[in-house]
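This is what each chain is made of:
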Amino acid sequence: MSLLTGFEQPIDQSQHAFRLILKALSEPGHRVTLPNGPAWAPLNAASTAALLTLADQETPLQLCAALKSEQVLTNIRFHSGAPLATAAQEVCFALFDEQLQAADLQALPHGTEISPECGATVVVQLAELENGAALRLTGPGIENHRLIAPRLPPALLDYLVNRPQRFPLGLDILLTCGDRLLAIPRTTRVEVC
């Protein structure tokens with residue numbers, strides 16, 4: 001086991017990454033680049049930056065089996081103190097790869113009518129943010145519509161197009177590839193073109 005580097009300048013880099021992630025969430029489908037950050041393999045640089053920026057002792061995490069190496073867990077504990085969730089309903093952040101299944105999404109907390117903010121944020125690592133099914137995004141943060149074409153796992157595409165919960169309930173999705181990230185928050189309507 002070895003400790004890997006986090007942000008070289010934690011305050012500056014986490015503030016910069018936070019602003020970029022916020023930009024991605026407030027302008028759904030807009031790609032941002034999270035530069036000069038570490039990548040804790042098998043996590044890519046954007047997923048690592050999102051964890052370093054957003055996770056702390058009060059944000060239980062869930063990692064899929066492919067991303068859950070002992071080295072990643074050790075570095076998450078050391079750099080952020082974020083615990084692993086012991087039950088699916090307490091997950092704040094979930095990290096998945098392209099093997100994401102519908103059951104994985106259904107098990108996560110989607111918030112409640114009284115506490116919609118308790119819905120999970122899901123980070124999905126993709127091989128590409130292009131060359132997939134063309135999607136048309138509409139909703140807050142988008143003037144008319146925005147077209148994107150990430151290569152999504154079928155279960156995630158089905159979830160986004162046929163969201164089982166009505167706003168304000170649901171999951172916020174962050175798609176990462178290398179050091180790039182785009183967001184599809186629960187407020188965004190998604191249609192296949």
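For the structure, see preceding data.
Now for a look at the structure at hand. Since this is a predicted model, take the numbers as computed values, not measurements.

Criteria and thresholds
Residues numbered from 1 in each chain as written. Predicted model: local features only at pLDDT ≥ 70, side-chain atom pairs only at ≥ 80, totals over all residues. Heavy atoms only, no water. Core = buried A, V, L, I, M, F, W, Y, C linked by side-chain atoms within 4.5 Å. Buried < 20%, exposed > 50% of the residue type's maximum accessible area, 1.4 Å probe, protein only. Helix = DSSP H or I, 4+ residues; strand = E, 2+ residues; numbered from the N terminus. Contact = heavy atoms within 4.5 Å. Disulfide = S-S within 2.5 Å. Pairing = 2+ DSSP bridges. Axes fitted to C-alpha atoms, helices over the stretch in contact; angles between N-to-C directions. Arc of directions from axis to C-beta.

This next bit is on the nonpolar core. Core analysis: the biggest nonpolar cluster contains 54 residues, and Leu156 and Leu175 have the highest contact counts within it. The greatest single-element share of this core, amounting to five residues, is contributed by helix α2 (residues 45–54). The contacts of Leu175, once residues within four sequence positions are left out, are Val124, Leu126, Leu129, Pro150, Leu152, Leu156, Arg180, Leu181, Leu182 and Ile184.

This paragraph deals with the state of the cysteines. What the rule picks out here adds up to zero disulfides. Here Cys118 is not cross-linked by a disulfide; its sulfur's nearest cysteine counterpart is in Cys92, at 7.7 Å. Given the relative accessible area of 44%, Cys118 is considered partly exposed.

Moving on, we come to the sheet that holds strand β6 (residues 146–148). Here three strands make up an open sheet; going across it, the order is β6-β5-β9 and the pairing antiparallel. Across the chains shown, the open sheet's two edge strands, defined by having one partner strand only, are β6 and β9 (189–192). Direction aside, the axes of adjacent strands within the sheet are offset by 30° on average. Pairing of strand β5 (residues 135–138) with β6 involves three bridges; the strand directions are antiparallel. Residue pairing in the sheet places Leu137 in a bridge with Arg146 of β6.

We now examine helix α5 (residues 154–161). An α-helical segment advances 3.6 residues per turn. Residues three or four places apart therefore align on the same side. Regarding α5, the residues found buried are Ala155, Leu156, Tyr159 and Leu160. Looking straight down α5, one finds its buried side chains confined to an arc of 130°; they lie on one side. Residues of α5 that are buried in the fold lie against α4 (102–107), β4 (121–125), β7 (172–177), β8 (180–184) and β9.

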